[in-house]
Amino acid sequence: MRILHTSDWHLGRAFHRVNLLQAQAGFIGHLVTTVREREVDAVVVSGDVYDRAVPPLAAVELFDTALHRLADLGVPTVMISGNHDSARRLGVGAGLIDRAGIHLRTEPSAAGTPVILRDAHGDVAFYGLPYLEPALGKDEFGVDKAGHEAVLGAAMDRVRADLAARPRGTRSVVLAHAFVTGGQASDSERDITVGGVAAVPAGIFDGADYVALGHLHGCQTITERVRYSGSPLAYSFSEAGHRKSMWLIDLDADGSVTAERVDCPVPRPLARIRGRLDDLLADPELTRHEDAWVEATLTDPLRPAEPMARLTERFPHTLSLVFAPDRAPDDPRVSYARRLAGRSDEQVAQDFVAHVRGTGPDAAETAVLREAFDAVRAGHTVREVGR
């Protein structure tokens with residue numbers, strides 16, 4: 001069975017001030033062409049179909065177009081909801097859409113109920129594990145502690161139990177939306193850390209022939225059977241070095257996997273340039289970036305006059321301007337933002353405690369801070385799901 005694995009469409013998202021809807025429509029067209037020309041047997045979309053719980057109408061219309069075009073091909077599609085989606089909204093009409101060969105899996109309770117597709121060698125069971133917010137999923141799965149590993153592990157126990165009851169030789173594909181250990185994050189994914197832990201081990205998916213992951217925006221291989229497709233478009237300058245693609249997976253009769261990357265169209269390349277303004281404007285090596293979307297980091301000791309106007313004369317698609325004067329890390333003039341770069345909210349809070357009273361929080365206080373941040377994040381998720 002030939003499977004096309006994609007995820008993280010984020011329909012409705014903009015790139016800085018640039019509307020990406022046309023580029024997203026171009027990707028949908030590319031997806032449909034790939035399905036047709038490469039004789040794909042099934043498409044899997046591993047969450048974050050939309051960029052937010054209540055997407056703009058234009059994004060909903062594009063999703064509707066994508067569903068119609070996929071259904072017209074007669075190729076089954078399995079989709080799950082991600083942490084950006086409203087599972088309830090995305091799942092509306094799932095029973096009816098199912099008849100057209102578009103299988104939406106947004107309910108955690110259905111984790112152990114697969115979509116069964118068949119090829120010449122028998123059944124392939126597709127298990128859809130939507131994003132499992134621990135605070136919302138722990139009761140459904142009967143786990144004591146609200147953590148990603150516990151909830152996802154319980155969901156996979158249901159998958160393995162169902163698979164064990166099926167005819168021998170049934171192959172399995174699991175769709176999941178999670179941060180798996182070994183994956184490389186970018187700046188454009190929403191934090192899903194719980195209890196100070198964001199990642200789950202790849203071994204949690206043991207027993208599945210192929211695991212189609214979503215959430216991280218870089219295409220990457222965790223193991224030969226566990227892969228992220230990444231997002232089809234870049235959604236932050238931290239993705240400037242990404243090669244955007246989908247995975248074309250051939251699942252053989254014995255469950256072995258062969259994978260091929262299929263590149264996605266690039267609406268405009270990304271470039272991150274750094275240096276003093278006059279140097280950036282004169283450097284011949286930067287000519288190749290003149291048609292790119294540009295993030296410029298200026299290292300001038302003093303802020304130059306009209307930097308954006310001057311930059312756009314050479315780089316007309318400059319979207320982001322960052323000031324980072326060359327200074328020693330302990331220079332008091334180093335910006336607050338630079339001092340906090342790479343630190344989590346919880347670490348910032350711990351640093352604040354240490355600054356105020358001269359010593360950092362002890363183990364009990366750290367646990368209280370962690371619980372507070374988890375409660376705020378979970379509360380935000382609950383409000384998003386309820387919209």
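One structure accompanies this document, and this report is about it.

Here is what the cut-offs are and how they apply
- Residues numbered from 1 in each chain as written.
- Predicted model: local features only at pLDDT ≥ 70, side-chain atom pairs only at ≥ 80, totals over all residues.
- Heavy atoms only, no water.
- Helix = DSSP H or I, 4+ residues; strand = E, 2+ residues; numbered from the N terminus.
- Rg over C-alpha atoms; globule rule 2.2 N^0.38 Å.
- Buried < 20%, exposed > 50% of the residue type's maximum accessible area, 1.4 Å probe, protein only.
- Contact = heavy atoms within 4.5 Å.
- Areas by Shrake-Rupley, 256 points an atom, 1.4 Å probe, with all protein chains shown as cover.
- Lys, Arg positive; Asp, Glu negative; His and termini not counted.
- Charge placed at Lys NZ, Arg CZ, Asp CG, Glu CD.
- Pairing = 2+ DSSP bridges.
- Right-handed = clockwise from strand over helix to strand, strands pointing away.
- Axes fitted to C-alpha atoms, helices over the stretch in contact; angles between N-to-C directions.
- Parallel < 35°, antiparallel > 145°, perpendicular 65-115°, else oblique.
- Left-handed = near helix turned anticlockwise from the far one by under 90°.
- Nonpolar A, V, L, I, M, F, W, Y, C, P; charged D, E, K, R; others polar.

### Re the overall build of the protein
Move 1: Counting its regular elements, the protein contains 11 helices and 17 strands.
Move 2: Relative to the compact-globule value of 21 Å for 387 residues, the protein shows a C-alpha radius of gyration of 23 Å, a close match.
Move 3: If you line up the protein on its principal axes, its C-alpha atoms span 70 × 55 × 35 Å.
Move 4: Out of the 387 residues belonging to the protein, those deemed buried represent 49%.
Move 5: In the protein, the proportion of contacts linking residues at least 24 apart, taken out of those at least 6 apart, comes to 69%.
Move 6: Summing over all exposed atoms, the protein offers an accessible surface of approximately 18200 Å²; the carbon and sulfur share of this is 51%.
Move 7: Averaging the coordinates of the 43 positive side-chain charges in the protein and doing the same for the 54 negative ones gives two points 2 Å apart.

### Side note on the pairing of strand β16 (residues 293-298)
Looking along a regular strand, one sees the side chains alternate between the two faces of the sheet.
Move 1: Summarising burial for β16: six of the six residues are buried, a large majority.
Move 2: Side-chain alternation along β16 places Trp293, Glu295 and Thr297 on one buried face and Val294, Ala296 and Leu298 on a second face that is also buried.
Move 3: For strand β15 (residues 270-275) and β16, the ladder comprises six bridges, and the chain directions are parallel. Within β16, the position partnered with Gly275 by the bridge is Leu298.
Move 4: Of the crossover connections in this fold, the one passing from β15 over helix α7 (residues 277-282) to the parallel β16 is right-handed.
Move 5: Of the strand pairs in this sheet, β16 and strand β17 (residues 318-323) are connected by five bridges, and their pairing is parallel. Along β17, the bridge assignment pairs Val294 with Thr318.

### Considerations on the sheet that holds strand β7 (residues 115-119)
Move 1: Strand order in the open sheet formed by six strands is β7-β8-β9-β10-β12-β11, with mixed pairing between adjacent strands. Across the chains shown, the open sheet's two edge strands, defined by having one partner strand only, are β7 and β11 (220-223). Pairwise comparison of adjacent strand axes, ignoring direction, gives a mean angle of 20° for this sheet.
Move 2: Pairing between β7 and strand β8 (residues 122-129): five bridges, direction antiparallel. For Ile116, the partnering residue across the bridge sits in β8 and is Ala125.

### A short note on the packing of helix α5 (residues 134-141) against helix α6 (residues 148-164)
Move 1: For the pair α5 and α6, interaxial distance at closest approach is 9 Å and the crossing angle is 40°. Taken as axis vectors, α5 and α6 run oblique relative to one another. For the pair α5 and α6, the sense of crossing is left-handed. Contacts between α5 and α6 pair Pro134, Gly137, Lys138, Glu140 and Phe141 from the former with His148, Val151, Ala154, Ala155 and Arg158 from the latter.
Move 2: Looking at side-chain class alone, the contact of α5 with α6 contains five nonpolar, two polar and three charged residues.

### Looking at unusual backbone geometry
Move 1: Positive phi, normally seen in glycine, also occurs at Asp8, with a value near 55°.
Move 2: Note that Asp8 resides in the loop between β1 (2-6) and β2 (14-15).
Move 3: Judged by relative accessible area, Asp8 falls into the buried class, the value being 0%.
Move 4: One non-glycine residue, Glu39, lies in the positive phi region at around 55°.

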